[in-house]
Amino acid sequence: PRDRGGGPPLPPDPIYRTIFENTGTAMTLAEEDTTISLCNEEFARLAGLPRSEIEGRRSWTEFVHPDDLPRMREYHRLRRLDPAAAPRGYEFRFLRARGEIRNMRITTDVIPGTKRSVASLLDITELKQKEEAVRVAEAYYRAIFEAANDAIFVHDPETGRILDVNPKMTEMYGYTAAEARRLTVEDLSAGVPPYTQQEAMVRFRKAAAGEPQLFEWLARDRKGRLFWVEVNLKRAALGGRNTLLAVVRDITVPKEIQARLEEERERFRVTLASIGDAV
C-alpha cells in the first residue's frame, strides 16, 4: 500500500502477509488520515464490499455507528500523540454496507515508528444477543421472584446453603433477606425428625439429581412459631449456575380445617355407633 502515514509500507514478508490474511478476524491497516490502506478478506466480508472498494478509497469512520464515532475519533487522535493515552481494546457498533449493525470488539495499536495503526475486529453480535436474552430472562425472573405470593428460596444444590430469598419469605419467616442467607434449613424447621437438616439434604440430593420433590414440612419462624408449609423443590438454572428452587406455601390454615373436619367425622362416626348400640 501507499504510505500516507509517514511510515514504511507493510513488510512484504510472506509470513506477515499470511497471518494478516488468515488470522480468522477482520483486520485493517489505517493511516493517520483514517484511510484504510489495507484490509483482509474477512474485513471485506464483514463490510459487505470487495477489497477493491475499500483499500485506499474508504475511511474506517464510514463503518462506525454515528453515536460511537466521536469517541473513536478521539481515540484515534490520542493514540498518535501517545499510544498509552487511548485504550487498545473496546467495543463499538459496526455499520455494514447495507446498513446492518454488528457489535464488534476491536483491538488496535499504532505500528512503532509510524502513524499507521493495525486493528483486529471480532464480531460479538451473537454473544451480545445472548447476553441481552439472559438479561431479559433474569429481569422477568426477578419480577416474578419479587411479586410471588409464595416464599421462594434459592439453594446451592451441593450444600443446601440459602443463596437468595424473596420478600414473601421475609414476611412469612420474619427474617431479613441478609439474615436468611446466613441460616440453614434446620434454623427454619421444627428441628425434630423428620423435619431436620439431614432429612432436608436427602430431599435436596434427589431434586439435584432431577427428581422434583413435593412435600409437607413443619417450619419455624423467627419467633419460634411452628407452622405447616408445602414445599415444591426442583432443579433450576439461574444466572448461569445450577441451583435448587424451593417454592414454599403456608398451609397452616388448610391443615387446621382438615384436622377439624377429621374431628367432626370421627365425632359423627362415634355418634352413629352409639345410636346403633342403643337400638
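Not measured: the values here are computed from a predicted model.

Caption draft 1: Just unusual backbone geometry, in detail. Residue Pro193 is joined to Pro194 through a cis peptide bond whose omega torsion reads 5 degrees. Mapped onto the elements of the fold, Pro194 is located in the loop between helix H6 (177-180) and helix H7 (197-208). Although it is not a glycine, Thr34 adopts a positive phi angle of roughly 80 degrees. Structurally, Thr34 is set in the loop between strand S1 (26-30) and strand S2 (36-39). Residue Thr34 is classed as buried on the basis of its relative accessible area, which comes to 11%.

Caption draft 2: Structural view of a nonpolar patch on the surface. Where nonpolar side chains cluster on the molecular surface, the patch consists of Val253, Ile257 and Leu261 and spans about 250 Å² of accessible area. Note that Val253 resides in helix H8 (residues 252-278). Val253 gets classed as exposed once you look at its relative accessible area, which sits at 52%.

Caption draft 3: Fine view of the pairing of S2. As judged from the three bridges shared by S1 and S2, these two strands associate in the antiparallel manner. Residue pairing across strands places Thr28 opposite Cys39, the latter belonging to S2. The hairpin turn running from S1 into S2, its antiparallel successor, is five residues long, and Thr34 in that turn takes a positive phi close to 80 degrees.

Parameters and conventions
- Residues numbered from 1 in each chain as written.
- Predicted model: local features only at pLDDT ≥ 70, side-chain atom pairs only at ≥ 80, totals over all residues.
- Heavy atoms only, no water.
- Helix = DSSP H or I, 4+ residues; strand = E, 2+ residues; numbered from the N terminus.
- Buried < 20%, exposed > 50% of the residue type's maximum accessible area, 1.4 Å probe, protein only.
- Patch = residues over 30% accessible without salt bridge, like charges linked within 9 Å, V, L, I, M, F, W, Y side chains within 5 Å.
- Areas by Shrake-Rupley, 256 points an atom, 1.4 Å probe, with all protein chains shown as cover.
- Salt bridge = Lys/Arg side-chain N within 4 Å of Asp/Glu carboxyl O.
- Pairing = 2+ DSSP bridges.

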